[in-house]
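# Summary of structural features
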Amino acid sequence: MRVTVWDLPTRLFHWLLVLAISGSLLSAQLGGDWMLWHARFGLTVFGLLVFRLLWGMLGNHYARFASFFPTPSRISAYLKGSWSGLGHNPLGALSVFALLGLLGFQALSGLISSDDVAFSGPLAWQVPAWMGRLASDWHRSTELFIYLLLGLHVLAVLVYQYRGRPLLGSMIHGRRDVSQAVPPARPAGPRALLVALLLTALAVWGASGVWIAPVV
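Residues numbered from 1 in each chain as written. Predicted model: local features only at pLDDT ≥ 70, side-chain atom pairs only at ≥ 80, totals over all residues. Heavy atoms only, no water.

Turning our eyes to something else, we now look at the overall build of the chain. A count of helical and extended segments in the chain gives 9 helices and 2 strands. Listing the helices and strands of the chain from first to last along the sequence gives β-α-α-α-α-α-α-α-α-β-α. Along the longest, intermediate and shortest principal axes, the C-alpha atoms of the chain span 65 × 35 × 30 Å. Split by element, the accessible area of the chain, about 12,900 Å² in all, is 70% carbon and sulfur. For the chain, the distance from the average position of its 15 positive side-chain charges to the average position of its 7 negative side-chain charges is 20 Å. (Helix = DSSP H or I, 4+ residues; strand = E, 2+ residues; numbered from the N terminus. Areas by Shrake-Rupley, 256 points an atom, 1.4 Å probe, with all protein chains shown as cover. Lys, Arg positive; Asp, Glu negative; His and termini not counted. Charge placed at Lys NZ, Arg CZ, Asp CG, Glu CD.)

What follows deals with the layout of surface pockets. Of the voids in this model, the largest pocket is the one considered here, and its volume is about 1,100 Å³. In terms of lining residues, the largest pocket is bounded by 44 residues, among which His14, His88, Val96, His153 and Val157 are the most central. Of all the secondary-structure elements, those providing two or more residues to the lining of the largest pocket are helix H1 (8–30), helix H5 (90–112), helix H7 (143–162) and helix H8 (167–173). With 11 residues, the single largest contributor to the lining of the largest pocket is H7. Classifying every residue of the lining of the largest pocket by side-chain character gives 29 nonpolar, 12 polar and 3 charged. Roughly 590 Å³ of internal volume is contained in the second largest pocket. Forming the boundary of the second largest pocket are 28 residues, of which Ser24, Ala28, His38, Gly110 and His139 lie nearest the centre. The set of elements that each furnish at least two residues to the lining of the second largest pocket consists of H1, helix H2 (35–58), H5, helix H6 (129–141) and H7. Take the lining of the second largest pocket: its biggest share by element is 7 residues, from H2. (1 Å grid on protein atoms, 1.4 Å probe; cavity = no way out; pocket = protein on both sides within 12 Å on 5 of 7 lines; lining within 4 Å. Points joined across faces, edges and corners; volume = space filled by probe spheres on them. Nonpolar A, V, L, I, M, F, W, Y, C, P; charged D, E, K, R; others polar.)

Turning to the packing of aromatic side chains, a few remarks are in order. Applying the stated criterion across every chain, the model contains 8 aromatic pairs. On the numbers, 5.3 Å between centres and 65 degrees between planes, the contact of Phe69 with Phe97 is edge-to-face. Of this pair, Phe69 sits in the loop between helix H3 (65–68) and helix H4 (72–79) while Phe97 sits in helix H5, and the two are 28 residues apart along the sequence. Phe69 gets classed as partly exposed once you look at its relative accessible area, which sits at 43%. Ring pairing ties together the aromatic residues Phe65, Phe68, Phe69 and Phe97, which thus form one cluster. Note that Arg52 overlies the ring of Phe13, its terminal NZ or CZ placed 6.0 Å from the centroid. (Phe/Tyr/Trp six-rings, centres within 6.5 Å; stacked < 30°, edge-to-face > 60°. Buried < 20%, exposed > 50% of the residue type's maximum accessible area, 1.4 Å probe, protein only. Lys NZ or Arg CZ within 6 Å of the ring centre and 35° of its normal.)

With that settled, the discussion passes to the environment of Thr142. By secondary structure assignment, the location of Thr142 is in the loop between H6 and H7. Separated by 128 residues in sequence, Thr142 and His14 have C-alpha atoms that sit 22 Å apart. Contact partners of Thr142, with chain neighbours within four places excluded, come to Leu102, Phe105 and Gln106. Within polar-contact distance, the side chain of Thr142 engages the side chain of Gln106 at 2.4 Å. (Contact = heavy atoms within 4.5 Å. Polar contact = N/O pair within 3.5 Å; in protein donor to acceptor, adjacent residues only side chain to side chain.)

Here we come to a nonpolar patch on the surface. On the surface, Val195, Leu199, Leu202, Trp205, Val210 and Trp211 cluster together into a nonpolar patch covering about 610 Å² of accessible area. Mapped onto the elements of the fold, Val210 is located in the segment after helix H9 (190–208). (Patch = residues over 30% accessible without salt bridge, like charges linked within 9 Å, V, L, I, M, F, W, Y side chains within 5 Å. Salt bridge = Lys/Arg side-chain N within 4 Å of Asp/Glu carboxyl O.)

Next up on the list: the nonpolar core. Leu17 and Leu103 are the most contacted members of the largest nonpolar core, which totals 33 residues. At the level of secondary structure, the elements contributing two or more residues to this core comprise H1, H2, H3, H5, H7 and H9. No other element matches H5, which puts 9 residues into this core. In this view, Leu103 contacts Leu17, Ile21, Leu49 and Ile146; residues no more than four positions away in its chain are not counted. If you look at the next biggest cluster of nonpolar residues, it comprises 8 residues, including Val3, Trp6, Tyr62 and Val178. (Core = buried A, V, L, I, M, F, W, Y, C linked by side-chain atoms within 4.5 Å.)

Moving on, we get to H6. Taking 1.5 Å per residue as the helical rise, H6 with its 13 residues ought to reach 18 Å, and the 18 Å between its terminal C-alpha atoms agrees with that figure. The elements touched by buried residues of H6 are H2, H5 and H7. (Expected span 1.5 Å × (residues − 1).)

Next comes the structure, spelled out in structure tokens:
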């Protein structure tokens, strides 16, 4: 039988993040006038991450971080072959948190980055100049780690696909095959989704810098 594991907000987050990261990396490579789009994609990534953090507390069972946080006991059970679950396995969860953490660092550092030449983040004027330059250096130097983690993520999906566990399909339709009856996860209500969206919109508004008086 099939059980719905990944709810619609989680699946939309995943694929929108794929598009936003792709656009951000491509625009950074193109440079020039494309840096404006790099900033827009970066702000989109920031907003998506804020939503995922909120949904990790307000979403359904499998969307909540507590349900798949890679504790030592869960990792040990997985390595011994005694772990069972429908969501992220403990090693997959490590990858998820590493990727979310790295993308979060990239998004936050991009907000205050300034190279004094071609790019300034929307909040760059709110920090000392040395901090903006340092954030810009870190923002560029950690880009390689994004490629590495994304490569490992894609490789893991392909390996599971080869072994007959179509993770890619599950992230499209949200369902997983199970060998025995499992009670479906209780979906989060519309109120939880509304709260998450409103708080995300507020965070994006703050990060965009539109509230800052223009420098004259």
